[in-house]
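So you can see what is in the structure, the chains are spelled out below.
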Amino acid sequence: NDECSSEAKRDWNAHIQQLLKAADVQKTLRRLFATNSTIGFLKQFLYTVLALMEEQRLTNDHLLEVLNDQNSPPEVSLLSGLSVLEMCVLIAVKHVLFLYEDQPFNFEMAYYEYDKFATRKAKMFRYDRAVVMKAWEALEDLEIITPLDKGTKVQKEYKLHLLQIPTDMILSAVENGLPLSVKEWASSGIS
């Protein structure tokens, strides 16, 4: 821009010329091209890289960070936006699936695992059944869990559900800012 001196512009351009010759940068740019080859996508990608840069020099690490963020499954960002209680319900579902070898599950099964954890290890996360049901319904609304049969007249607590994301994705999401007791519970095999 106009605020930069001509010397600063010359230095920046020389740095970019050198950067583009590096093998790791070329590999990253090929990955980017394989994702989307339009100029608009490239401009948006580079704008994001520059907006997130804190140092004066652009590196391949900056490019990779944005590329990996853009290529992560949408479920990862969806899970990172869940409340602690909603994550606890998902972790309870993970434990149910571990115990019952990936069979369909219902609210009562997940609530039992959640309540066992909250009673023993995290009383501060212990909520009434109705509040936990609201978290369950939020997961249904997001289609992270879905009813096996939508047309049955089974009471909602006993309606069978399926998990629509891999359980390892739950473990990845747990790493983002959840309390230690919840992280430990998530990574344990049996609750």
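To keep things clear, this report deals only with the structure shown in the data block. (Residues numbered from 1 in each chain as written. Predicted model: local features only at pLDDT ≥ 70, side-chain atom pairs only at ≥ 80, totals over all residues. Heavy atoms only, no water.)

## Points about the overall build of the protein chain
Summing up its helical and strand segments, the protein chain has 10 helices and 2 strands in all. For 191 residues, the compact-globule formula gives about 16 Å, and the C-alpha radius of gyration of the protein chain, at 23 Å, lies well above that figure. With respect to the principal axes defined by its C-alpha atoms, the protein chain has extents near 70 × 35 × 30 Å. Buried positions account for 35% of the 191 residues belonging to the protein chain. (Helix = DSSP H or I, 4+ residues; strand = E, 2+ residues; numbered from the N terminus. Rg over C-alpha atoms; globule rule 2.2 N^0.38 Å. Buried < 20%, exposed > 50% of the residue type's maximum accessible area, 1.4 Å probe, protein only.)

## What about helix 1 (residues 6-21)?
Here helix 1 is 16 residues long and its end C-alpha atoms lie 23 Å apart, about the 22 Å a rise of 1.5 Å per residue gives. Within the sequence span of helix 1, burial applies to His15, Ile16 and Leu19. Buried residues of helix 1, viewed axially, fall in a sector of 100°; they line one side. When the buried face of helix 1 is taken as reference, the exposed residues oriented beyond 90 degrees from it are Ser6, Glu7, Arg10, Gln18 and Lys21. (Expected span 1.5 Å × (residues − 1). Arc of directions from axis to C-beta.)

## A short note on the packing of helix 7 (residues 107-121) against helix 8 (residues 129-141)
Where helix 7 contacts helix 8, the axes come no closer than 11 Å and their chain directions differ by 120°. The angle between helix 7 and helix 8 falls in the class oblique. Crossing hand, helix 7 versus helix 8: right-handed. Contacts from Phe107, Glu108, Ala110, Tyr111 and Tyr114 in helix 7 reach Arg129, Val132, Met133 and Trp136 in helix 8. Here the contact of helix 7 with helix 8 is built from residues that sort into 7 nonpolar, no polar and 2 charged. (Axes fitted to C-alpha atoms, helices over the stretch in contact; angles between N-to-C directions. Parallel < 35°, antiparallel > 145°, perpendicular 65-115°, else oblique. Left-handed = near helix turned anticlockwise from the far one by under 90°. Contact = heavy atoms within 4.5 Å. Nonpolar A, V, L, I, M, F, W, Y, C, P; charged D, E, K, R; others polar.)

## Thoughts on the nonpolar core
Of all hydrophobic cores here, the largest spans 38 residues; its most connected members are Leu90, Trp136 and Leu163. In terms of residue count, helix 6 (residues 84-99) provides more of this core than any other element does, 10 residues in total. Listed in part, the 12 residues of the second largest apolar core include Ile16, Leu32, Val49 and Met53. (Core = buried A, V, L, I, M, F, W, Y, C linked by side-chain atoms within 4.5 Å.)

## Some points on the pattern of salt bridges
For the coordinates displayed, the defined rule picks out 5 salt bridges. Between Glu113 and Lys116 there is a salt bridge; the shortest N-O distance is 3.6 Å. Placement of the pair is Glu113 and Lys116 together in helix 7, with a separation of 3 residues, close to one helical turn. Comparing Glu113 with Lys116, the two get one shared label, buried. Arg126 is the partner of Asp115 in a salt bridge, and the nearest nitrogen-oxygen pair spans 3.0 Å. On the criterion of sequence distance, the pair formed by Asp115 in helix 7 and Arg126 in the loop between helix 7 and helix 8 is long-range, its members being 11 residues apart. With a relative accessible area of 44%, Arg126 lands in the partly exposed category. (Salt bridge = Lys/Arg side-chain N within 4 Å of Asp/Glu carboxyl O.)

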